[in-house]
Structures are given as structure tokens and as C-alpha cells.
Amino acid sequence: MIPELYYLPEMFLNDNKFKFGSMEDGQQVDGVSLPPWAKSPEEFIRISREALESEIVSSQLHEWIDLIFGYKQQGMCQISIYFLYIGYFVSLFLTLLYFYFIYFVLYMILYLNCL
């Protein structure tokens, strides 16, 4: 995350009217689309700063720093984090494989009158 996200509301506006192209529905891309809870870039920055400075983020910030820059980038910590991500993707793959199997069985029963 870059510091400008927390103090520069102009970053979310396209004041210079650069052409960023259009979306698939033909709508022109202009400034940044803010979430519905932020009525303006200033409000988005205010709420984001409050969240960043909250007690829960302050109590966990050292964990994030260790993960990104610190000792968790080396040795066994790195391997355990790697396997955590791999485990997530393997479980996602197995879930998709399960749904494809169910789809295949239903297809065979309903359309091919098999099984």
C-alpha cells in the first residue's frame, strides 16, 4: 500500500482528463470508483486512516511487517507460509473437481440415462 492512499484525495480523481478507455459495457473509465460507503475521496481517506490507525491494526502491524520484510521471508517460516497458500489452492482445486464430478454424474443420469 502506498502512502498516497492515506493523505492525497486528488489521487482518486482524473483532473487531467486522461483517456483510460472504456469498459465492456461502453462506459468511459474516468476516476477511481469508490466503495458505496465513501461519498467523496476525502471521506474515503478519512475512513481509511481511521482503520489504519485502529487498535486492531496497530496490534497486528508487526506481523505484517515480518511477513513482508522480515524473518518470515526466510527458512522454515517462508516454507510454512508457502504451504499455507498452496493448501488453499489445492483445496480450491479439489472443490472444483468435486463439483465437476457431481455435474458429470448428473449429466449422465439426466441426459444419457446411464447409471
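Before any of the text, the structure's been laid out above.
Presented here is an overview of the structure given in this document. (Residues numbered from 1 in each chain as written. Predicted model: local features only at pLDDT ≥ 70, side-chain atom pairs only at ≥ 80, totals over all residues. Heavy atoms only, no water.)

**Quick word on the pattern of salt bridges**
Under the defined criterion, the tally for this structure stands at two salt bridges. Where R46 meets E43, a salt bridge forms, and the shortest distance between an N and an O atom there is 3.7 Å. You can see R46 and its partner E43 sitting in helix α1 (residues 41–52), three residues apart, about one turn around the helix. Residue classification places R46 among the partly exposed positions, given a relative accessible area of 41%. (Salt bridge = Lys/Arg side-chain N within 4 Å of Asp/Glu carboxyl O. Helix = DSSP H or I, 4+ residues; strand = E, 2+ residues; numbered from the N terminus. Buried < 20%, exposed > 50% of the residue type's maximum accessible area, 1.4 Å probe, protein only.)

**A word on α1**
With twelve residues, α1 ought to run about 16 Å at 1.5 Å a step, and its terminal C-alpha atoms sit 16 Å apart, in line with that. Three or more residues of α1 are buried, namely P41, F44, I45 and S48. All buried residues of α1 project into a common sector of 95° when viewed along the axis, lining one side. (Expected span 1.5 Å × (residues − 1). Arc of directions from axis to C-beta.)

**Concerning the side chain of N14**
Along the chain, the position of N14 falls in the segment before α1. Assessed through its relative accessible area of 8%, N14 is described here as buried. Of note is the side chain of N14, whose polar atom sits 2.8 Å from the backbone oxygen of F18. Only 2.9 Å separates the side chain of N14 from the side chain of D30, close enough to count as a polar contact. (Polar contact = N/O pair within 3.5 Å; in protein donor to acceptor, adjacent residues only side chain to side chain.)

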